[in-house]
Each structure stands twice: as structure tokens, then as C-alpha cells.
There are 2 protein chains.
Amino acid sequence: MTAPNRATLWGRVLADELAKGGLEAVCIAPGSRSTPLTVAFADHPDIDVYSHLDERSAAYFALGRARRTGEPTALVCTSGTAAANFHPAVMEADQARVPLLVLTADRPPELRDSGANQTVDQVKLYGDAVRWYTELPEPEADERKVRSLRTTAARALAETTGVPSGPVHCNCPFRKPLEPIDVPGDVPDSFADTLAAVGRDGPFVETTGGTQTLTDDEYQKLLQALEAADRPLLVAGPADPADLASLEPRAITDLADRLGAPLLADPLSGLRYGPHVKESDTPRTVYGGYDAYIDALPAPDVVLRLGASPTSKRLRHWLRDADARQFLIDPAGAWREATFTATDLLAAEPGTVVERVLEVLDEREPAESATPGSADDAWRARFDAAERRHLEICDEALAAATLESQPFEGAILATAIANAPDPATVFVSNSMPIRDADRFGRPQAADLTVLANRGASGIDGIASTALGAGSATDDPLVLVTGDLAFYHDSNGLLAVERCDVDATIVLLDNDGGGIFHKLPIEEFEPPFTDQFKTPHGLEFEALGDMYGLEFERVAPADFSAAYRDSLETPGTQVLAVDFDSEASHRRREALDERVTSAVENIVDGSN
Amino acid sequence: MTAPNRATLWGRVLADELAKGGLEAVCIAPGSRSTPLTVAFADHPDIDVYSHLDERSAAYFALGRARRTGEPTALVCTSGTAAANFHPAVMEADQARVPLLVLTADRPPELRDSGANQTVDQVKLYGDAVRWYTELPEPEADERKVRSLRTTAARALAETTGVPSGPVHCNCPFRKPLEPIDVPGDVPDSFADTLAAVGRDGPFVETTGGTQTLTDDEYQKLLQALEAADRPLLVAGPADPADLASLEPRAITDLADRLGAPLLADPLSGLRYGPHVKESDTPRTVYGGYDAYIDALPAPDVVLRLGASPTSKRLRHWLRDADARQFLIDPAGAWREATFTATDLLAAEPGTVVERVLEVLDEREPAESATPGSADDAWRARFDAAERRHLEICDEALAAATLESQPFEGAILATAIANAPDPATVFVSNSMPIRDADRFGRPQAADLTVLANRGASGIDGIASTALGAGSATDDPLVLVTGDLAFYHDSNGLLAVERCDVDATIVLLDNDGGGIFHKLPIEEFEPPFTDQFKTPHGLEFEALGDMYGLEFERVAPADFSAAYRDSLETPGTQVLAVDFDSEASHRRREALDERVTSAVENIVDGSN
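Residues numbered from 1 in each chain as written. Chains lettered and ligands numbered in written order. Predicted model: local features only at pLDDT ≥ 70, side-chain atom pairs only at ≥ 80, totals over all residues. Heavy atoms only, no water.

Let us look at the overall build of chain A. Secondary structure summary: chain A contains 23 helices and 18 strands in total. In terms of C-alpha radius of gyration, chain A reaches 26 Å, essentially the compact-globule figure of 25 Å for 607 residues. Overall, the C-alpha framework of chain A stretches about 90 × 65 × 45 Å when taken along its three principal axes. Across the 607 residues of chain A, 62% fall into the buried class. Pairs at least 24 apart in sequence give 75% of the contacts found in chain A among residues at least 6 apart. For chain A, the accessible area works out to roughly 20500 Å², and carbon and sulfur atoms hold 45% of it. Where the 54 positive side-chain charges of chain A centre and where its 100 negative ones centre are 3 Å apart. (Helix = DSSP H or I, 4+ residues; strand = E, 2+ residues; numbered from the N terminus. Rg over C-alpha atoms; globule rule 2.2 N^0.38 Å. Buried < 20%, exposed > 50% of the residue type's maximum accessible area, 1.4 Å probe, protein only. Contact = heavy atoms within 4.5 Å. Areas by Shrake-Rupley, 256 points an atom, 1.4 Å probe, with all protein chains shown as cover. Lys, Arg positive; Asp, Glu negative; His and termini not counted. Charge placed at Lys NZ, Arg CZ, Asp CG, Glu CD.)

See the structure below:
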């Protein structure tokens, strides 16, 4: 490898090393100080470059891509506030454990605190939200320095997929010339053939990450506790990309069946959708409607919890109030249970724990083994009955929404998920859509990858994250978003054309923050409407014109047909469905009461 | 003061104390965790609430308002990524020394690292970019705690306008209930009459900030150096709000005249515009065209520099290459001169230094005093001649732009500034517009407040900052922006209607990053167009529809008339003027050559 000057060399070695380490994509926002990085990435045959004009959107796009693939995506920006615009997505990547490699260009170190233009303190800019912060040395065609660059690049990339995965920040100072201009003597000819310049065939450093594993005794103890339970339960919360890669869904459903334990699968767990799901057999094994009925069921006595804290607040509170032994499994040994009732933390990879427990079951002499499903027989039957009744009532509500014009937002989520293509990526915005997806998105055998930004649960960056996820595979992309989130990242829609992503965007437009109707502040007027609900009256059609999207206002009753059409139509369509957020919320409440009373009857009857 | 519960009490005391300390405005983004703050501010009769839906835009709006008034503006958001969206504006506020009080709501401390929803590590979120970080204790109707709250609120507000002024971050944890719901016993009746609850008549703590002052000897020494100079020079860079408040423009022009020193006034110095400016007399005292001709002039031998580093790179390099004694005055004693050639740093308030030096001059016996203007007589004459020739050539170029259809972007800046109402606030975007304003915005006696985000020089948040500045006074508001900046903060346009700001927005639309034509990367294709110039083809008309703006595409030759019409028309108009960025840049270069050769002749002739 050679280069006309040291900055160009630096950029080329960095891109080369990252490509050798497996980096496939980078999101770049234009800027001058980052020129050596931009030029090198744009020139690299194995790295796809996505160009974005708003760094906040760029970062969320990269986040979405990395979340969908589980592979690190890199980010490049110039110095100054550009780097601060990455912060929200870095925060989400931290909480949601998404591998992001953030490369911020910087001015040379002597310019800090000098009043130089566009020069800020970028050192540790994201605080503790990154797995690793490192500042590259100043570019120079020095063998040790360039070997350190390769080592740092390889290590930084590997750290993004460490345990837990997450963002890594490399601050990269450059001085002029930034462009690939010939600077005689800057990179001696003799440097071209050095190991530092050429690198190795693969990564300069191959990182093999160890994982925390339990001993056989510890697996036995876990199994004993689960088998001794009368009412064992598996709870799968939102999964991070590493969880998804490590978990074999059939292994978990197998374990659930052998223990007689219902598996409550969060829509973001990677377990609510897929060929392992039995849509109607009894027992179902995988349950998705618990947010509607869980309060009516008896408490579990032993719980095994995977992933992050479940989306369903009702489930979380039900687990909090249970007098149960609760095992949390977390590969990083982090505590992710904010009611502080769990009793055991297993710092180990969930997939490994599940498989090893199954192996222990298999290895046993038949005589010793507890009878699978020996738990309280009524236990799973109650979940089956409750789930069935919940789904029947949902079906009635869906029919009423269509036939009797009783629109409610949950019906859109139910339809968008039930009628999504197989396979598909379905991205769901925070605030109400993810809650409605949790309650109304029923388990299916279709191969749906349902994603959300549930790490920090912001409504910023939603369009970009979805489009980034959509860019990563050939699966059709569906985004379901509310109007505030749609407004918040309207800039992200530029990626539809610029990054060539095809999507169906379902816009639930209730003109403001519908979620506040769920909260007691609803009773305080003022300031409820002006400061919380914040109706804006925005005519989102204009964004269609601006970003080359086909924009259609769809009556709730026509949504299903319009959705089907959109999925069959190339290009990106926005299907905007207007709702009254208060009416939607009242309908949710009414439906909730119906299910609660129906399920209480069932439970009473089955006792 | 009483309250139905401790969270409500906390919010009310905080708002009460901030109002007593003089806070007049707060920008609030909707959210649940921040409910106690939002409710208290919305209810306070003396604080104006601006509601924003995108926290990034909210923060820039607050920045603009604080920059225009010099008074702190507060910011409120909920927990999570919302707070990270404030980061770019906090960074700009740090660099540009703008008083911002950032109040981030947070979940209770026990929820950190617990996997709780929308809970991130907000401690010291903005790193060293704030003057002070503090975390409020958990709300409680305890006298010492509430007195601490009042003290902290008063101190935090005072810190924003300390030396130097800037952002302060208070992280504010709250637990439920967040709404003003009655919680019996939470706030005892007896608490209502305590000093803690009632506060004092004014602020709970009156902060009187000392300033660094020099001794009489030190003033004498400075004056001696200036008087001994053959070619003394005053350079005023971008001023922060405190500089503007402390500097009396006539005092500086008086000093310049008495020393025979030209005053080179950055467009952001607060000194290029105003009644102290002589538009045509010789000597002019205040010079604005130096970016065009400074290289042709002899170097100064003593320089007195105020404010931040000048916008003009050519001026900075000319000063760097001068063999001169250079005094920097900075009230915080910070070093803001990135070429590292200045020789003396005076840590003192610029206004005080100038006035005291004038007093020393006045106090002298006439016999002792050096003759005012004793410096090299040709020194100011050269500046006068160069400035005059530069302005003549600009006038010819402006006429050609109109009459002969040789449009160039600088003509728009020249016109927008020359024809701005008196008084007016003129906000100029970063990248090319501020550079064109620097070169083509001629000094005027009109009372123009010309502002830009020149601290960190980002192109994010431009519309919001301008609208925030516009919201602060009754002066007409003009914003001149490029297309990338306009896209970047398109969300900020929501404030036009939502915050009731009336503006004339001049959009220089050259479909991408015109500034890159100034850089050597222009020669490298690819990746020049795709990764640097980044043409986007956006039809900004749609934003007019979306945000209720009158949008008009204006031919360059018609700009002057359309601009006049817009200024006379209520409501917000966007005047979009299309340019070819490459042609604009070539025209700048050609003009530059003309001025350079014309001024070289003058200087030769006058020697």
C-alpha cells in the first residue's frame, strides 16, 4: 500500500484493515476534516458507502443496519457539532447493544482550546456510552505507528461485537493536506512494502472473544429449580443482535415444552415470529397476548428470563409481584430488571445456557428424569385459554374496526404484522406503536424480524433506523410510526432515494402525542393539550413531495387493502391513517376491560 | 407555596426561583418524566414557554434566543435520547459562550443500570462542554433540601452568565406521581410558610460576579505599546453576548481614531454595524472588506484583538505572518488565537480595557500625550483606499449580477445586509454564507445585529437558532442560509407557526455543499460529487407547504425587489435563489483577483 501523503495513507490503512476485519458498510456525512476517511472508504471495493446529509439520521441509519445484521456498521463525520449529532444513536446503540464503529475526524491536538474554527473537545464525547474510546495518533508513515493503527482498527471493530456488543468511538485527528495530494517524502517509497503498509491476509489481529460459561453443576442446579416448579415460566424480552445470533428458537421452545413452561415472547425477542411458532395447536408454547390478560393468571413460581426487560409494563409488574425464584440470563452479567425482584443472575450466553440445559436433560438416565410437563397441568392450559380468548376478542375488534367503523390504532398494528410478507423486516416506532404491537401483534410462523429502538426508547431517528435495517437485506421493509416520530426524523426520509431503500411506511397520524392519554396528566388542562399532546396539524403529504415518496391518506377501514397493494408495489409508499388519539385510547381501554373480564371467567372456570 | 405532592412542589420551587433570578423563557419538548417541570413552567406567569417537538431544534432555538438577548434561556426535556439531542446546541453554546440552562428530567437514581425503560446515564452527559453540571437531589418537602434547590437554581442561572457565559446542566430526577395529583402527607401543610417554600423577594442567592481587572500600570503599558506603534491595528472578532454588553462601540472607534488605528470589524463583532459607523468619511475607522484586500497591505506592528478568532482566514493568516506585538483581550483569560502568534494575553473585560485606556489618555497632561494619529500617516489612508476600491468593485459586480445576469452568491449576501431594515436581526448560516457576509457585507450605520453559530461552526440547527433569535425582540428577522443547512434543520421551521416568529428566509440553493469547491478535493472525481458536493435535488417548496411558509423561487436578478417585498409583508417568506455553486465559486475567484490587483496598484501608488 502506498499513498501520496500521510493523511491519505492513514485513511487507506484504516479502511483496508476494517475491510479485512469484515466491515461491509459505512455511513458518511460530508465534511472536510474527514476527507482522508471518506476518500479511502469511497475507494474501497469491499465497503458499501451510504452518504447522508444529517449526521443524526446517518447515525440512526447505521444503527438500523447494524441491528438488522448483527455486524458492525461504521460512521464517519467531520469535526465539531457533527459528532454530537451522533450522540442519540450512540446512546441507543449502547443500551440496545448494537455494534457501531464511530469514526469522528478531528483537528490536530494543538488546536484544542485555541479558538480554532470548528474545533471542539471530542475526547470521550459520548462518555460511558461506548465500549471503548480511543484517539488515534497523528498520521505518520512510521512503521510502529501504522502497525498500531492496524491493531487499533482491528481491535475497535472486534470490541463492537464483544460482550456485550455496542458502540466504539475512535477520534481521528488529521492535519492538511487532507486530500490525496502528492507530498514528496511524506510517505517514503520504501514504506510501501512494510508489514505495516501491507497488513496481513486477514485482520492484523484476529480477536477470539471468550464467553462466560457455567459449570455442569450450575446447569444442574438451574434445571433442578425449573423442574421442581409447579408453574415454571420462560420470559423472553427484547433481544440484542448477539442474543438473536446465539438463540436457536427451536431449542427454547423445546425447553419450554419439556418443562411445561409457557414462553412469553416479547415482539422484539426474536421468538414471537418464525417457523418455530405453532399458531393454533394446544399448547401453543409461544404466547404473545399476555399484556392483555396476564393479571388474571396465577403467579409463576420459577421464572427464567432472557433478553432485556419486557416491553409490557403489565408483565413486568406481574413478575414483580410474583413470589417466585427468577433467573436472569445475561451474557454480560448486566442487571436488566428494574423491579429488583429477580433472585439469580446467570452471567452466560442465553443460547448456550438453553442448549446445555437441554443436553443435561438428554444425558440423564430415563429413570432419573422428571417427567416432562410434570408441572401443574392447568398451568399451560390457562395460558392457552387466555391467549385464545384474547385473540378472539381482537378478531372481533378488528372486524368491528373494518365493518362498523370503530377504528383503533391497535387494529393497524395487528394487520400490519399479521399481513406482513414472509419474510419481512417490520420496524415499529416507540411510544404507542410498540405497545400496540406488543399487545396486538400475534405470534406467527412467518419469518418476521420485528425491530424497534427499545434500548433508550426515543422517538428520534425512527425512519433512519428502519431504513438502515431495510438496507441490510432483501427482505421487504415495513415501518409503523406515529406522527411525532415521523416528524422528528423527517430528514431520515432522504435515505429512501439516496440509499435506495424500498419500504412501506404506515403512519399512524393522531396529530400529537397520543401516549399522554394513558397518563394522569390527561386530567390537567391546561397544560395537557399545549405541552403534552402537542397537536401540530402538520400536513405530511409535503414530505412525500420532498423525498419522492408516494403518499396516500387511507381510511382505517381501507388500510388492509392499501397495505397489501403497497407491499406489492415497488418504491416507497406512505400510508397515512388518521386517528383521534383520545378515541383510540378509549377503545384500547374498552378492549382491555373485555379481555380482562373474559379471561377472569375462563380462569375461574378452569380452576 | 404549596403543592399536592413533592414532585409538583419541586417543579414549582424551581420555576419560581428561576423566575426570581430573571429567567424569562424556556423551551420545552414534550415528555412524561419532565412533567413536574413542564407543569410548573407552563403555569408560571413570568416565564414564556416555547414548545418544540424536536429536542435538537428546541435547543438551538433556546441558543438563538439567549444569543440575541444575552440572557439565559432554559431547556427542558424528558429522559433518554431526548437529552442527547441537546448536545450539538450545548456544544455551540459552550464555544460561543451563550447562556443556556439545560434541565434534563431523569428517572430516579436506583433505575440507572437496571434495564429500566428510557433510562440512560445522564450524569455529566455533555462532558466538559458545560460550565457546571449538577444533579438535583430527589424531591422531598424537607426544608434543607428545598433551600438547596433554591440555592442551586439561583446559582445555576448565575453560572450561565458567569465569566465566560455558557451552558449549565442540571439533571433532575423525579419519581411518580409526576402529575399534580394529591398525595396526602407528601407536602405537610406546615411546609407552605417556610422560607424554603416561599423563597425571598428576589433570588434566594444574589450572585455578584467579580471581573478580572488590570492595574493602572498595566493599562499604561498597553497604551504605551499602542502609542509607540507606527502601524497600530484593532481587530474585533466574533463577540459573545457578554462582549456585546460590555463594549461601547463609540468607545472603540474613539480609541481607534485617537491611535490612528484601523478597526477591522468581523461581521459578528457587533462593531461592523451601528450608528458609530461612518459609511464614507475618511478615515472610515471601521473596515469590513479586509478579507478581499488585506494581503496587499503592509503588516501592523502592534495589534489589539478583541473577541474570538476572526471569520476571515485571510486576516488570520496575515496576522500570523506579521512581525507584531499582538495583545489578545479575553474576559475569561482563554486563548482564542489558533496561529499562536499573539504575544500578550490580557485577562480582562474588553469594554473595561477600552474605557480605561481612554481614561488614561484623557487624564494625561496634554504636554505628555502623544499626538493622536501620530502613527504612519499612510497607514489608515491605505486601508481607506483599499476599502473604497473593494467597495467599488463590489458595486460593479452587484450591478453586473443584476444587469448582465452574472449571478453570484456574494451579491445576495451584500444585498441582504445592505437592504436589511434598520434595526434588524440578520442571522447568517455557516459554510459559505458567513464567508460571503464577511467579505461582501459592508459596514453600515444601520443598527443590524448580525449573528451566526460561529462557536463550533456547524450547519445543524441554523433555522432554529435564527428563529430563536427572532423571537427575542421585535426587530425584523432575516435568515440567510444554504440548502444543506436548510435541509439539516428543516424541523426547526415548525417554530415559525408554533412560536409565532415572522422572518424573511433567504435560501441560497446550490444543490449541495458549495464550499467544497474552495478545497483541493474539488480536483478528485470520484469521490468529489458523491461524497463532498452531495447534490440532492431536494424541492424545498414542499417545506413551505408543510410549515405554512410562503415559498418563492426568485431569479438572482429579481432578488433585490423580492427581498424588499418580503420585508414589507407580514408572515414568513422563503426566497429561494438558485445558484450553480461552481460558477459562484469561479466568480468569487475572479472578483478576488480584480480586487487584489486593484489594491496592489493603490498601495504601490500611495507609497
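From this point, the narrative continues.
Let's shift gears to the nonpolar core. Ranked by internal contacts, the top residues of the largest apolar core, which has 128 residues, are A:Leu75, A:Phe86, A:Phe540, A:Tyr547, B:Leu75, B:Phe540 and B:Tyr547. Setting aside anything within four residues of it in sequence, one finds A:Leu75 in contact with A:Val26, A:Cys27, A:Ala58, A:Ala59, A:Ala62, A:Phe86, A:Leu100, A:Leu101, A:Val102 and A:Leu103. (Core = buried A, V, L, I, M, F, W, Y, C linked by side-chain atoms within 4.5 Å.)

Moving on to the interface of chain B and chain A. Across the boundary between the two partners, chain B contributes 80 residues, which contact 80 residues of chain A. At the boundary of chain B with chain A, the tally comes to two salt bridges. A salt bridge links B:Asp54 to A:Arg56; the shortest N-O distance between them is 2.7 Å. Between chain B and chain A we count 25 residue pairs in polar contact (both at pLDDT 80 or more) in total. (Salt bridge = Lys/Arg side-chain N within 4 Å of Asp/Glu carboxyl O. Polar contact = N/O pair within 3.5 Å; in protein donor to acceptor, adjacent residues only side chain to side chain.)

Right, let's talk about the pattern of salt bridges for a bit. Per the stated rule, a full pass over the model turns up 84 salt bridges over all chains. We note a salt bridge from A:Asp592 to A:Arg314, for which the minimum N-O separation is 2.8 Å. Residue A:Asp592 is located in helix H23 (residues 581-606), and its partner A:Arg314 is located in helix H12 (residues 313-320); the two are separated by 278 residues in the primary sequence. Classification of A:Asp592 as buried rests on a relative accessible area of 16%. Residue B:Glu363 is joined to B:Arg356 by a salt bridge in which the shortest nitrogen-to-oxygen separation is 3.3 Å. When its relative accessible area of 54% is taken as the criterion, B:Glu363 is described as exposed. Here the residues in one salt-bridge network are A:Asp291, A:Asp295, A:Arg314, A:Arg439 and A:Asp592, joined through shared partners.

This next bit is on the UniProt feature "domain: Thiamine pyrophosphate enzyme N-terminal TPP-binding" (unreviewed entry) in chain A. Following the UniProt record, one finds the feature "domain: Thiamine pyrophosphate enzyme N-terminal TPP-binding" (unreviewed entry) at residues 11-124 of chain A. For residues 11-124 of chain A, the helix share is 43%, the strand share is 18%, and the end-to-end C-alpha distance is 21 Å. (UniProt positions renumbered as here; feature names shortened; annotations may be inferred.)

On to the relation of the copies chain B and chain A. Under the fitted operation, chain B is carried onto chain A by 0.0 Å of movement along the axis and a turn of 180°, and the coordinates agree to an RMSD of 0.0 Å. Read as a symmetry element, the transformation amounts to a two-fold axis. For chain B, the minimum C-alpha distance to the rotation axis belongs to B:Ala542 and amounts to 2.5 Å. Most of the interface of chain B is mirrored in chain A, where 100% of its interface residues again form contacts. (Least-squares fit on C-alpha atoms with pLDDT ≥ 70 in both.)

Residues and elements named next belong to chain A. Spatially, six strands are ordered E14-E13-E15-E16-E18-E17 in an open sheet, and the strand pairing comes out parallel. Both outer strands of the open sheet, strand E14 (448-451) and strand E17 (550-553), are each paired with one neighbouring strand and no more. Each neighbouring strand pair of the sheet contributes to a mean axis angle of 15°, computed without reference to strand direction. With four bridges joining them, strand E13 (residues 424-428) and strand E15 (residues 477-482) adopt parallel strand pairing. What sits directly across from Thr 425, in E15, is Leu 477. Its contacts with the sheet place helix H17 (residues 462-471) against E13, E14, E15 and strand E16 (503-509), and it is angled at close to 170° to E15. (Pairing = 2+ DSSP bridges. Axes fitted to C-alpha atoms, helices over the stretch in contact; angles between N-to-C directions.)

Relative placement of two packed helices is described by the angle separating their axes and the distance separating the axes. Residues and elements named next belong to chain B. Between helix H3 (residues 55-69) and helix H17 (residues 462-471), the least distance of the axes is 6 Å, while the angle of their chain directions is 45°. Taken as axis vectors, H3 and H17 run oblique relative to one another. Seen along the crossing, H3 lies across H17 with a hand that is right-handed. When H3 is examined against H17, the residues Ser 57, Tyr 60, Phe 61, Leu 63, Gly 64, Arg 65 and Arg 68 are found in contact with a partner set consisting of Ser 464, Thr 465, Leu 467, Gly 468, Ala 469 and Ser 471. Class assignment for the residues of the contact of H3 with H17 results in five nonpolar, six polar and two charged. (Parallel < 35°, antiparallel > 145°, perpendicular 65-115°, else oblique. Left-handed = near helix turned anticlockwise from the far one by under 90°. Nonpolar A, V, L, I, M, F, W, Y, C, P; charged D, E, K, R; others polar.)

Attention now goes to the sheet that holds strand E5 (residues 132-135) of chain B. All names here are of chain B. Ordered in space as E2-E1-E3-E4-E6-E5, the six strands form an open sheet in which the pairing is parallel. Two strands bound the open sheet, and with one partner strand each, they are strand E2 (48-51) and E5. Looking at each pair of strands side by side, their axes are set apart by 20° on average, direction ignored. Inspection of the sheet shows strand E1 (residues 25-28) paired to E2 by four bridges, in the parallel sense.

Right, let's talk about the packing of aromatic side chains for a bit. Tallied over the entire structure, the rule returns 14 aromatic pairs over all chains. Considering the side-chain rings of A:Phe516 and A:Phe532, the 5.5 Å spacing of their centres and the 70° angle between planes classify their relative orientation as edge-to-face. Of this pair, A:Phe516 sits in the loop between E16 and helix H20 (528-533) while A:Phe532 is found in helix H20, placing the two residues 16 residues apart along the sequence. The same class applies to A:Phe516 as to A:Phe532, namely buried. Ring centres of B:Phe559 and B:Tyr563 lie 5.2 Å apart, and the angle between their planes is 25°; on these two criteria the pair is classed as stacked. Linking B:Phe559 with B:Tyr563, this pair stays in helix H22 (residues 559-568), spanning four residues, or about one helical turn. The exposure classification of B:Phe559 matches that of B:Tyr563, with both residues buried. In this structure an aromatic cluster arises from ring pairing among A:Tyr287, A:Trp379 and A:Phe383. Just above the ring of A:Phe204 sits the side chain of A:Arg200; from NZ or CZ to the centre is 4.2 Å. (Phe/Tyr/Trp six-rings, centres within 6.5 Å; stacked < 30°, edge-to-face > 60°. Lys NZ or Arg CZ within 6 Å of the ring centre and 35° of its normal.)

What follows concerns the environment of A:Arg144. Residues and elements named next belong to chain A. Residue placement: Arg 144 occurs in helix H6 (residues 143-160). Classification of Arg 144 as exposed rests on a relative accessible area of 67%. Sequence-wise, Arg 144 and Leu 195 are 51 residues apart; in three dimensions their C-alpha atoms are separated by 10.0 Å.

Residue and element names in this part refer to chain B. Relative orientation of the contacting elements helix H8 (residues 216-227) and helix H13 (residues 350-363) amounts to 80°, with a least axis distance of 10 Å. Relative to H13, the element H8 lies roughly perpendicular. When H8 is examined against H13, the residues Asp 216, Tyr 219, Gln 220, Leu 222, Leu 223 and Glu 227 are found in contact with a partner set consisting of Thr 352, Val 353, Arg 356, Val 357, Val 360 and Leu 361. Split into classes, the residues belonging to the contact of H8 with H13 amount to seven nonpolar, two polar and three charged.

Glancing now at the domain arrangement of chain A. Residue and element names in this part refer to chain A. When the domains of chain A are assigned, the result is domain 1 (6-195), domain 2 (216-375) and domain 3 (388-594). Once you take the C-alpha centre of each, domain 2 and domain 3 turn out to be 29 Å apart. Of the roughly 1800 Å² buried between domain 2 and domain 3, counting both surfaces, carbon and sulfur atoms make up 55%. Among the residues of domain 2 in contact with domain 3, Leu 268, Tyr 273 and Thr 311 are the three that bury the most area, contributing 34% of the side total. Between the two partners, domain 2 and domain 3, sit three salt bridges. For Asp 438, the salt bridge is made with Arg 272, and the minimal N-O distance between the two is 2.8 Å. At the junction of domain 2 and domain 3, the tally comes to eleven residue pairs in polar contact (both at pLDDT 80 or more). Breaking the side of domain 2 that touches domain 3 down by element, the ones donating at least two residues are strand E9 (286-287) and helix H11 (290-293). When residues in the side of domain 2 that touches domain 3 are grouped by element, the largest group, four residues, is from H11. Here the residues of the side of domain 2 that touches domain 3 sort into eleven nonpolar, six polar and five charged. (Domains from an automatic or database assignment. Buried area = accessible area lost by both parts, 1.4 Å probe.)

Among the residues making up helix H10 (residues 249-259) of chain A, those that are buried are A:Ala251, A:Ile252, A:Thr253, A:Leu255, A:Ala256 and A:Leu259. In the segment just after H10(A), A:Gly260 is the residue with positive phi, at about 70°.

Note that the residue after A:Glu525, namely A:Pro526, is joined by a cis bond; omega there is -15°. With respect to the helices and strands, A:Pro526 occurs in the loop between E16 and H20. For the peptide bond that leads from B:Val163 to B:Pro164, omega is -5°, which places it in the cis range. Relative to the elements of secondary structure, B:Pro164 occurs in the loop between helix H6 (143-160) and strand E6 (167-173).

What follows covers the UniProt feature "domain: Thiamine pyrophosphate enzyme TPP-binding" (unreviewed entry) in chain A. As annotated in UniProt, the feature "domain: Thiamine pyrophosphate enzyme TPP-binding" (unreviewed entry) corresponds to residues 463-576 of chain A in the numbering used here. Annotated as residues 463-576 of chain A, this span is 38% helix and 18% strand, and its ends, taken at the C-alpha atoms, are 14 Å apart.

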